[in-house]
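The chain contents come next:
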Amino acid sequence: MKQKDQFDNLEKHTQWGIDVLEKFIKFVKERTEIELSYAKQLRNLSKKYQPKKNSKEEEEYRYTSARAFLATLNEMNDYAGQHEVISENMTSLITGELTRYVQELKQERKSHFHDGRKAQQHIETCWKQLEASKRRFERDCKEADRAQQYFEKMDADINVTKADVEKARQQAQLRHQMAEDSKAEYSSTLQKFNSEQHDHYYTHIPHIFQKIQEMEERRIVRIGESMKTFAEVDRQVIPIIGKCLDEITKAAESIDHKNDSQLVIEAFKSGFEPPGDVDFEDFTQPMKRTVSESSLSNSRADGKSEPKFGGKSKGKLWPFIKKNKIIETLLGTKSPKQQKEPLSHRFNEFMTSKPKIHCFRSLKRGLSLKLGAGPEDFSNLPPEQRRKKLQQKVDELNRDIQKEMDQRDALTKMKDVYIKNPQMGDAASVDHRLAELGQNIEKLRLEVQKFEGWLAEVEGRLSMRSEARRQSGLYEAQNPSAVNSCAQDRESSPDGSYTEEQSQETEMKVPATDFDDEFDDEEPLPTIGTCKALYTFEGQNEGTISVAEGEMLYVIEEDKGDGWTRIRRNEDEEGYVPTSYVEVYLDKNAKDVYKSLEKI
């Protein structure tokens, strides 16, 4: 029974060992899932912050700090890959191997305990046989004693016949013989049991216990090796992870703040000359106008003062001229009859006049150019930015020419092969494509010449301005009292257009003509609704107006597809704001009045 108890204890202990092994397998599985999830999240994070193709973000990566960030994202992607390697190696080297080993271990344990139970049952059977033989021997001995006592009693009794005495004697002898046989059987069984018991306790059971011990020790060794593998899998990727971190450090150390600052300077350098000194205006003395100044002032209707150059005067910037002023200019002077007619009726009559249609469409193209794409020669940009754009365009055209020439060379070689080996193809089949490539190359070369001409013009002007600035500095140093000029101001619109040449600035200072008077005398546009400012907008460009978040204003012209809405704060303050910055509430009745003008 004691041995049976030990078998039960061993069975419980070995089952606990298998449970520990399965628990470790489950732990490693969850670790691999965590590694995969972490790697996936790292990859998604890296992908999320990668620059989008053909987007403005790609231009930002010319800065060293942005390139370092991009390198960090790429290294984080490799870093995530190492965590995937950890998961794969743990799955193959630990989880898979241990799962198979656990199945084998369960089968071996089952076999060993089956042999142990079989040996235990055998020794118990031998013990039962010994007990039965012993009880039988004991019973036969008692029966033999009783038979002997009965014979002696009968033999002493004189009243008993001789036949009865003989019968009792034979019965006693028979019982004695049976006792002897039981004794011999008991002795043989006892000897056999002792031999079986000796083999059981000194051979069979120790052998089974030895096998169970070896099995358990292998399990312990195996789980220890798996734990070492668990650590080694991590250790194997540490050098690669270290390289990733070293690359991130290297990328961070490659950041050059001076270079980035220089790139910003080059990117936004305008090429404009700094403004001159502002003159002192003495308001303590009455203004003494010259004859020429008086004549200039009198040329304005109703004694209007000449607008200062650089101020936000009405009608000076074409992209922001009121719609009805443009139409009035196109329609010409109003007759007394026409003055009573609505503007839409006169506009419809104008649209039927073919010669004026061409003029109107030309003006429309000019307005759309100012409001939208910009001129081909980039004349709407500052000088330095224009030079860069022209240089980029020249480089792009040269690359296109090189591609076309490479294709032409390849087709020429193919044609030569076809001529030498007619069975490979028809040489005449590539002539049409070669002619197209030649035409394309010629067109691109003409384009290059055109843009190179503009580029040379801009570079010449920039060099002349630099020389003029140098000479001006020398002149001012020698004649400080002769310097009396106002600051040169350049107007700009929301799309960044400006007046490039000083000669053009001079032209803007010419007295206003009747054409300007007609624009200035025009009644303000009626409101067609209201709007609420969603965000604060700083109107720093010509024709725009600043608004504060939550401010309510009047809408006088809705967005025509250029992204700008014209609004009014009061009689003297109106201008354009980005449509996305305001929430517009249009008055349907007021809007219908302008439906006939929406073809502009």
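Sequence order as written defines residue numbering, which begins from 1 separately in each chain. Only residues with pLDDT of at least 70 are given local features in this predicted model, and only at 80 or more are side-chain atom pairs given and counted; all residues enter the totals for whole chains, interfaces and linings. Each side-chain value is derived from all of the structure's non-hydrogen atoms; neither hydrogens nor water enter the calculation.

Peer 1: What should I look at first to understand the overall build of the chain in this one?
Peer 2: Helix numbers and strand numbers start at the N terminus; a helix is a DSSP run of H or I with at least 4 residues, a strand a run of E with at least 2. Helix and strand content of the chain: 15 helices and five strands. Only protein chains enter the area calculation, which uses a 1.4 Å probe; residues under 20% of their type maximum are buried, those over 50% are exposed, and those in between are partly exposed. A buried classification covers 30% of the 600 residues belonging to the chain. Residues are treated as being in contact if the distance between any of their heavy atoms lies within 4.5 Å. Within the chain, contacts between residues at least 6 apart in sequence are counted, and of these 73% link residues at least 24 apart. Working definition of accessibility: Shrake-Rupley area with a 1.4 Å probe, residue cover restricted to the visible protein chains. As presented, the chain carries roughly 39,100 Å² of accessible surface, and 53% of it is formed by carbon and sulfur atoms.

Peer 1: Looking at this structure, I do not really get the nonpolar core. What am I missing?
Peer 2: Most often, soluble globular proteins have nonpolar side chains that are buried together. Counting residues in hydrophobic clusters, the biggest one holds 28 residues, and the most contacted among them are Leu21, Phe24, Val28, Met90, Ile94, Leu98 and Leu105. Within the residue set of this core, elements represented by two or more residues are helix H1 (2-48), helix H3 (64-156) and helix H4 (162-253). Top element by residues in this core is H3. It accounts for eleven residues. Only buried residues count toward a nonpolar core, which is a set of Ala, Val, Leu, Ile, Met, Phe, Trp, Tyr and Cys residues joined through side-chain atoms within 4.5 Å.

Peer 1: What should I look at first to understand the packing of aromatic side chains in this one?
Peer 2: Two numbers describe a pair of aromatic rings. These are the distance of the centres and the angle of the planes. Stacked, edge-to-face and tilted labels apply to pairs of Phe, Tyr and Trp rings (six-membered ring for Trp) whose centres lie within 6.5 Å, assigned for plane angles under 30 degrees, over 60, and everything in between, in that order. For the coordinates displayed, the defined rule picks out eleven aromatic pairs. Here the aromatic rings of Phe27 and Phe230 are separated by 5.4 Å at their centres, their planes lie at 40 degrees, and the arrangement is tilted. One end of the pair, Phe27, is in helix H1; the other, Phe230, is in helix H4, with 203 residues separating them in the sequence. Plain terms: the ring middles of Tyr49 and Phe69 are 6.4 Å apart, the flat faces sit at 80 degrees to each other, and that makes the pair edge-to-face. With a gap of 20 residues between them, Tyr49 in the loop between H1 and helix H2 (56-60) and Phe69 in helix H3 connect regions that are remote in the sequence. Assessed through its relative accessible area of 42%, Tyr49 is described here as partly exposed. What links up through ring pairs into an aromatic cluster is the set Tyr535, Phe537, Trp564 and Tyr581. Positioned above the aromatic ring of Tyr101, the side-chain terminus of Arg222 is 4.7 Å from the ring centre. Charge-over-ring contacts are defined here by two conditions on Lys NZ or Arg CZ: a distance within 6 Å of the ring centre and an angle within 35 degrees of the ring normal.

Peer 1: What should I look at first to understand the side chain of Asp140 in this one?
Peer 2: Here Asp140 shows up in helix H3. When charges are tallied, Lys and Arg are placed among the positive residues and Asp and Glu among the negative ones, while His and the ends of the chain are skipped. When a carboxyl oxygen of Asp or Glu lies within 4 Å of a side-chain nitrogen of Lys or Arg, that pair is called a salt bridge. The side chain of Asp140 is buried and forms no salt bridge, while Arg139, the nearest opposite charge, is found at 4.2 Å. With residues near it in sequence (within four places) discarded, Asp140 still touches Arg175, Met178, Ala179 and Ser182.

Peer 1: Looking at this structure, I do not really get the environment of Ala184. What am I missing?
Peer 2: As for its position among the elements, Ala184 is in helix H4. On the basis of relative accessibility, which here comes to 46%, the residue Ala184 falls in the partly exposed class. Through-space distance from the C-alpha of Ala184 to that of Ser133 is 9.6 Å; in sequence the pair is 51 residues apart.

Peer 1: Looking at this structure, how should I read the sheet that holds strand S4 (residues 574-578)?
Peer 2: Pairing between sheet strands relies on hydrogen bonds along the backbone, with the strands arranged either parallel or antiparallel. By definition, two strands form a pair when at least two bridges between them are found by DSSP. In space, the five strands of this open sheet follow the order S4-S3-S2-S1-S5, with antiparallel pairing throughout. The open sheet has two edge strands, S4 and strand S5 (582-586), and neither has a second partner. Each neighbouring strand pair of the sheet contributes to a mean axis angle of 40 degrees, computed without reference to strand direction. In terms of strand pairing, strand S1 (residues 529-533) meets S5 through five bridges, oriented antiparallel. Orientation is described by lines fitted to C-alpha atoms, with helices fitted over the stretch in contact, and by angles between N-to-C directions that extend from 0 to 180 degrees.

Peer 1: Could you clarify how one ought to interpret helix H11 (residues 383-420) in this entry?
Peer 2: Expected helix span is computed as 1.5 Å times (number of residues minus one). Spanning 38 residues, H11 covers 55 Å between terminal C-alpha atoms, matching the ideal 56 Å at 1.5 Å per step. Every buried residue of H11 is listed here: Pro383, Glu384, Gln385, Arg386, Lys388, Leu390, Val394, Leu397, Ile401, Glu404, Leu411 and Tyr418.

Peer 1: Is there a simple way to think about the confidence of the model for the chain in this case?
Peer 2: Keep in mind that low pLDDT regions are not for reading the predicted coordinates in detail. A residue's pLDDT is the predictor's confidence in that residue, given on a scale from 0 to 100. With 70% of its residues at a pLDDT of 70 or more, the chain shows a mean pLDDT of 76. At the level of individual helices and strands, the chain shows its lowest average pLDDT in helix H13 (residues 502-508), which scores 39, and its highest in H3, which scores 92. Confidence drops under pLDDT 50 across residues 354-372; counting only partners more than four residues distant or on other chains, this segment forms 24 contacts.

Peer 1: I tried to follow empty space enclosed by the protein on my own but got confused; where do I start?
Peer 2: A probe matching the size of a water molecule, rolled over the atoms, marks out where space remains unfilled. Both cavities and pockets are sets of points on a 1 Å grid over the protein atoms alone; in a cavity a 1.4 Å probe fits but cannot get out, in a pocket the set is open with protein on both sides within 12 Å along at least five of seven lines, and lining residues sit with an atom within 4 Å of a point. Grid points are joined across faces, edges and corners, and a volume is the space filled by probe spheres set on the points. Per the stated rule, a full pass over the model turns up two cavities of 30 Å³ or more. Within this model, the second largest cavity holds a volume of roughly 30 Å³. Among the secondary structure elements, those contributing two or more residues to the lining of the second largest cavity are H3 and H4. If you tally residues by element for the lining of the second largest cavity, the top one is H4, at four residues. The nonpolar class holds Ala, Val, Leu, Ile, Met, Phe, Trp, Tyr, Cys and Pro. Asp, Glu, Lys and Arg form the charged class, and all remaining residues, Gly among them, are polar. Looking at the lining of the second largest cavity residue by residue, the class counts come to two nonpolar, two polar and two charged.

Peer 1: Would you explain the packing of H3 against H4 in this entry?
Peer 2: To characterise two packed helices, one gives the angle between the axes of the helices and the distance between these axes. Interaxial distance between H3 and H4 falls to 6 Å at its minimum, and their mutual angle equals 170 degrees. Relative to H4, the element H3 is oriented roughly antiparallel. For the contact of H3 with H4, the class distribution of residues is 46 nonpolar, 19 polar and 23 charged. Should an angle fall under 35 degrees it is called roughly parallel, over 145 degrees roughly antiparallel, and 65 to 115 degrees roughly perpendicular, with every other angle called oblique.

Peer 1: Please explain the pattern of salt bridges as it appears in this structure.
Peer 2: When the charged atoms of two side chains with opposite charge come close together, those side chains can pair. What the rule picks out here adds up to 25 salt bridges. In this structure, Glu97 and Arg100 form a salt bridge, with 2.6 Å as the shortest nitrogen-oxygen distance. Remark: Arg100 and Glu97 occur in helix H3; sequence separation between them is three residues, near one turn of the helix. Overlapping salt bridges bring together Glu557, Arg566, Arg568 and Glu574 as one network.

Peer 1: Can you walk me through the environment of Ile567 in this structure?
Peer 2: Relative to the elements of secondary structure, Ile567 occurs in strand S3 (residues 564-568). Judged by relative accessible area, which is 0%, Ile567 ranks as buried. Sequence separation between Ile567 and Val582 is 15 residues; the distance between their C-alpha atoms is 10.0 Å. Leave out the neighbours within four places in its chain, and Ile567 touches Cys531, Ile545, Val547, Leu553, Tyr554, Val555, Ile556, Glu574, Gly575 and Val577.

Peer 1: Help me understand the pairing of S4 in this model?
Peer 2: On any regular strand, side chains alternate: one points to one face of the sheet, the next to the other face. For S4, the tally of buried residues reaches five of five residues, placing the bulk of the element in the interior. Residues of S4 alternate between two faces, with Glu574, Tyr576 and Pro578 on one and Gly575 and Val577 on the opposite face, all of them buried. Relative to S4, S3 runs antiparallel, the two sharing five bridges. Counted as the bridge partner of Ile567 is Gly575 from S4.

Peer 1: Just checking my understanding: could you explain the pairing of S3 for this structure?
Peer 2: With five of its five residues buried, S3 lies for the most part within the structure. Burial along S3 is two-sided: Trp564, Arg566 and Arg568 facing one way and Thr565 and Ile567 facing the other are all buried. Here strand S2 (residues 552-557) folds back onto S3, and the loop between the two strands holds six residues, one of which, Gly561, carries a positive phi near 100 degrees. As consecutive antiparallel partners, S3 and S4 are separated by five residues.

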